[in-house]
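Understanding the architecture of this molecule
So the chains spell out like this:
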Amino acid sequence: MNGKTFVILIVTLFVATNSQAQDEKRKPNFIIILADDLGYGDVGFTGSTQIETPHIDALAEQGIVFTQGYVSAPVCGPSRAGLITGRNQVNFGFDNNPIVDLPQFDENYVGLPVQEKTMADRLADLGYVNGLIGKWHLGEAEHFHPTKRGFHEFWGYLGGGHDYFPAEPDGKAYHREIICNYKEPQAITYITDDKGDECVEFVRRHKDEAFFLYACFNAPHTPLQATDEDLELYAHVPEIKRRTYCAMVHRLDVNVGRIVDELKAQKLYENTLIVFLSDNGGPVSGNTPWTLNAPLRGSKGILLEGGIRVPFTMTWPKEIKAGSTYDKPVSSLDLTPTFVALAGGTISHADPMDGVNLFPFLKEKNPGSPHPEMLWRFTISASIREGDWKLVRLPDRLPMLYNLRDDIAEQNNVADQHREKVEAMLKVLGDWDVSCPQVLYLEGNRWRRNQVDLYNRKYQLVQPEGHYQEK
Ligand code: CA
């Protein structure tokens, strides 16, 4: 090689490397802000008259609202397993919340099966740095740990929840120590704020890289614990549980605002795709439920719309027009394939997902429906949606059929008038059911009775009136 050729080679290499770096730089950042047990009707953009969520609403206004956004399960663990893999978790036996103390199950298998690839695994392969802040709930054995599942950074806890206020860590339930692999974890102040701090710090630390931040707030999951300052904002709400819950949602909203502010300060907001959603519907129990899924019927734990249709937005100023809505059904299962595609990856036929890349649909290149058919199964019930039709199958009654176009609250069971439709949908649901692997573990038996009762109870289907005026 002569000197001239060498110089040309070096220059070519430099240009190639530099343009590759610029390509990497142009990749969008991804943030999923996952609320926990948030009622469908408990944020401004889904119609709350009682709870003000200006920062969450701003995400909705500056992006796209999915008016029929679903999760793949009505409880935390399986919903998260679907979201993080892009596969309906029932297809790999993760039907239930991981419970580690049932004698007939091997705890080494109580978690997200290690052969399942997570969104973080896939994005790591594409050059992303990934952080999980908050709740994991996908297994506690060492091999299920988030840092073994594609996350480079983790600040949080492995189980299903945590106290909001400082408590002496005792290693049990909601008083476990915070785990962190990048620093000595700070003492808890109010955990929603602490998670907000960690999200902001993550953005600062990785502002020059393509990143994926999975911001798993536990708000507003129980225990119902809010600061006095936030409770004061909702002093006009008479019932203490509801008042506390309103205050918890407010604090979540404040921290959503802090994350967005940091993105703007770092000039990253334009090219960051932010998804906001809840992992399942609001729980409804007792005589004075603290969450509201209006106008949907049902709750956490069951497959009526109130259990699985959630507040769901996607914001990406560079690519998504502000103030948009998308009215066809979409799923949290779509997030993994969508992000992988946007990050420059491909999904092979040998590696099938149940979710789909939403962008061809959102960009109106594909006028079809991302999901002509959707399937759910959770403990006692299973459900199938085809177009506007939704069938729910329970162990103690004939199947129920609703037409969601006319009947969003699933109040009019029309199964008697559409027997052939019922039979056809039951067939598809049953064929899926018997083709799935055995479930990896079960939840405690009491939940099965609890869930039958949840199908029978009455739900508040309208927002309370006049609360803003009472302030
Ligand atoms: Ca949840």
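Quick notes on the rules
- Residues numbered from 1 in each chain as written.
- Predicted model: local features only at pLDDT ≥ 70, side-chain atom pairs only at ≥ 80, totals over all residues.
- Heavy atoms only, no water.
- Buried < 20%, exposed > 50% of the residue type's maximum accessible area, 1.4 Å probe, protein only.
- Helix = DSSP H or I, 4+ residues; strand = E, 2+ residues; numbered from the N terminus.
- Patch = residues over 30% accessible without salt bridge, like charges linked within 9 Å, V, L, I, M, F, W, Y side chains within 5 Å.
- Areas by Shrake-Rupley, 256 points an atom, 1.4 Å probe, with all protein chains shown as cover.
- Salt bridge = Lys/Arg side-chain N within 4 Å of Asp/Glu carboxyl O.
- Lys, Arg positive; Asp, Glu negative; His and termini not counted.
- Charge placed at Lys NZ, Arg CZ, Asp CG, Glu CD.
- 1 Å grid on protein atoms, 1.4 Å probe; cavity = no way out; pocket = protein on both sides within 12 Å on 5 of 7 lines; lining within 4 Å.
- Points joined across faces, edges and corners; volume = space filled by probe spheres on them.
- Nonpolar A, V, L, I, M, F, W, Y, C, P; charged D, E, K, R; others polar.
- Pairing = 2+ DSSP bridges.
- Axes fitted to C-alpha atoms, helices over the stretch in contact; angles between N-to-C directions.
- Donors = N, O, S within 2.8 Å, 3.2 Å for Na, K, Ca; no water.
- Tetrahedral: all angles 85-135°; square planar, octahedral: opposite > 155°, others 65-115°.

This next bit is on helix α9 (residues 335-342). For α9, the tally of buried residues reaches six of eight residues, placing the bulk of the element in the interior. Those residues of α9 that fall on the buried side of the exposure criterion are Leu 335, Thr 336, Pro 337, Thr 338, Phe 339 and Val 340. Looking one or two residues beyond α9, the residue adopting positive phi is Gly 344, at roughly 95 degrees.

On the secondary structure map, His 418 appears in the loop between β15 (400-403) and α11 (419-435). Separated by 17 residues in sequence, His 418 and Leu 401 place their C-alpha atoms 8.2 Å apart.

Taken together, Glu 168, Asp 170, Glu 177 and Glu 184 make up a surface patch of like negative charges. Its location among the elements puts Glu 184 in the loop between β6 (179-180) and α5 (191-205). For Glu 184, a relative accessible area of 72% gives the class exposed.

Turning next to the layout of surface pockets. Within this model, the largest pocket holds a volume of roughly 940 Å³. Lining the largest pocket are 37 residues, and of these Asn 97, Ile 99, Tyr 174, Glu 443 and Trp 447 sit closest to its centre. Of the residues forming the lining of the largest pocket, the biggest block, five residues, is contributed by helix α12 (residues 446-456). Of the residues contributing to the lining of the largest pocket, the split by class is 15 nonpolar, 14 polar and eight charged. Here the second largest pocket is characterised by a volume of approximately 310 Å³. Lining the second largest pocket are 22 residues, with Arg 242, Pro 289, Thr 291, Leu 292 and Gln 460 sitting closest to its centre. Looking at side-chain class alone, the lining of the second largest pocket contains 10 nonpolar, eight polar and four charged residues.

Here we have four strands laid out as an open sheet, ordered β12-β13-β14-β15, and antiparallel in their pairing. If you trace the sheet from one side to the other, it starts and ends with β12 (373-378) and β15, each paired once. Between one strand and the next, the sheet's axes are offset by a mean angle of 15 degrees, whatever the strand orientation. Taken together, the six bridges between β12 and strand β13 (residues 381-386) define a ladder with antiparallel strand orientation. Counterpart to Arg 377 in the pairing with β13 is Ala 382.

We now examine the coordination of the calcium ion. The coordination sphere of the calcium ion, as far as protein atoms go, consists of Asp 36 (OD), Asp 37 (OD), Cys 76 (SG), Asp 279 (OD), Asp 279 (OD) and Asn 280 (OD1), spread over 2.2 to 2.6 Å. Between the six donor atoms coordinating the calcium ion, the angles at the centre fall across 53 to 159 degrees, so the site counts as irregular. Motif for the calcium ion, donor spacing along one chain: D-D-x38-C-x202-D-N. A residue is classified by how much of its surface remains accessible, and Asp 279, at 1% relative accessible area, is buried. The exposure class of Asn 280 is buried, given its relative accessible area of 0%.

This part takes up the sheet that holds strand β8 (residues 272-278). With mixed pairing, nine strands are arranged side by side in an open sheet as β6-β5-β4-β7-β1-β8-β9-β2-β10. The strands lining the two open edges of the sheet, one partner per strand, are β6 and β10 (324-326). Alignment of strand β2 (residues 64-66) against β10, held across three bridges, turns out to be parallel. Looking at the pairing, Ile 64 lines up with Ser 324 of β10.

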